[in-house]
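In case you want the letters, here they are:
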Amino acid sequence: MNREYYTYMPSFFRELFSADHHVRPDPRHPDETHFYLPEQIGEMQGGVLSRYYKMAYPEGIRNDYDPSDAISLRPMQSSFEDQWNAVRWRNTGWLDPWESGNPLAAAEGRDHPGLTFSSWVLGIRRSEKQGRGSTFAVFHRGSLIGQISLGAVTYGAIRSGIIGYWIDQAQAGHGYIPRAAAVLSDWAFFDPAGPRLHRLEIDMIPENTRSVRVAQKLGFTDEGVRKRYMYVNGRWQDHRIFSLLSDEFSRVSLKPYK
């Protein structure tokens, strides 16, 4: 089979021919409905993060880049359980007002007890395998300080996803979450092995002013309010919608900060 034709063949036929002819895609180039995850996603220049730094430090303070201060995102792993639990549970009061949930959980709970951490991580692996999204631990100077996710990934003619996040209250106010969201956006938009999305959303309850500021700092566009959009803290709540498009950036070629 002609390799070039195989590369651009729709995924259904590509899988069919793969089974028949033992041809596999180049692992560095996923098909249009999947992505590959590195062990960690670090800060890269040339895209969303670079624009954030320019807006946050207009006098060029980030020209003196300090690698020890960098944010990294690591796909959630069972080995993170102790660190994650320590951070998440000491922040229960800080995070509960913004915690989304399943409105059918009460009914489902009779038959489906709560997930263990390992079961949750296995669910994340399934989501990644299906190309629907992933959840990452946010690390700064070797410590887990929060969580960020890319979910509700849609392909085809839409190619969109939704970013969600939380951070340890003790680490809030230092710009870590805006940077983490920028790192995730750069990967989701521009990494050849990522999902290569066109649109990203950050959605929050309007009263969550800290989260609103994250979207604003990153240059996301305020699209207004969706009524009773998401089930949060025990009820359906309005959400303010912010979006960012990959084509707001031109000729992006990511490269590591030095």
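Residues numbered from 1 in each chain as written. Predicted model: local features only at pLDDT ≥ 70, side-chain atom pairs only at ≥ 80, totals over all residues. Heavy atoms only, no water.

The next subject is the confidence of the model for the protein. Mean pLDDT for the protein: 86, with 83% of residues reaching 70 or above. Long-range and interchain partners of residues 1-24, a stretch whose pLDDT sits below 50, account for 27 contacts in this model, where long-range means more than four residues apart. (pLDDT = per-residue confidence, 0-100. Contact = heavy atoms within 4.5 Å.)

It is worth spelling out the sheet that holds strand β1 (residues 41-42) at this point. A sheet is described by the order of its strands in space; here 8 strands give the open sequence β1-β3-β4-β5-β6-β7-β9-β8, paired in mixed fashion. Every interior strand has two partners, whereas the edge strands, β1 and β8 (221-232), have only one. Here strand β5 (residues 143-154) pairs with strand β6 (residues 160-167) via 7 bridges, running antiparallel. Bridge pairing in β6 places Ile148 opposite Tyr165. On the sheet, helix α7 (residues 117-129) packs against β3 (71-75), β4 (134-140) and β5 and is oriented at approximately 115° with respect to β4. (Pairing = 2+ DSSP bridges. Helix = DSSP H or I, 4+ residues; strand = E, 2+ residues; numbered from the N terminus. Axes fitted to C-alpha atoms, helices over the stretch in contact; angles between N-to-C directions.)

To continue, consider the pattern of salt bridges. Inspection of the entire model under this criterion finds 14 salt bridges. Residue Asp66 is joined to Arg141 by a salt bridge in which the shortest nitrogen-to-oxygen separation is 3.9 Å. Highlighted residues: Asp66 in the loop between α3 (48-56) and β3 and Arg141 in the loop between β4 and β5, separated in sequence by 75 residues. What makes Asp66 partly exposed here is its relative accessible area of 33%. On the accessibility criterion, Arg141 (53% relative accessible area) is exposed. Three or more residues joined by partner-sharing salt bridges are found here, namely Glu43, Asp66, Asp69, Arg141 and Arg179. (Salt bridge = Lys/Arg side-chain N within 4 Å of Asp/Glu carboxyl O. Buried < 20%, exposed > 50% of the residue type's maximum accessible area, 1.4 Å probe, protein only.)

One way to put it is that α3 packs onto helix α8 (residues 176-190) with a least axis distance of 7 Å and a crossing angle of 145°. Touching Val48, Leu49, Tyr52 and Tyr53 of α3 are Pro178, Arg179, Ala182, Val183, Ser185, Asp186, Phe189 and Phe190, all from α8.

Another point: helix α9 (residues 209-217). Inspection of α9 places Ser211, Val212, Val214 and Ala215 among the buried residues, and these make up the whole buried set. Along α9, the residues classed as buried sweep out an arc of 155° about the axis, all on the same side. Opposite the buried face of α9, at more than 90 degrees from it, the exposed residues are Thr209 and Arg210. Residues of α9 that are buried in the fold lie against β6, α8, β7 (199-204) and β9 (235-245). Positive backbone phi, approximately 80°, marks Gly219, located one or two places after α9. (Arc of directions from axis to C-beta.)

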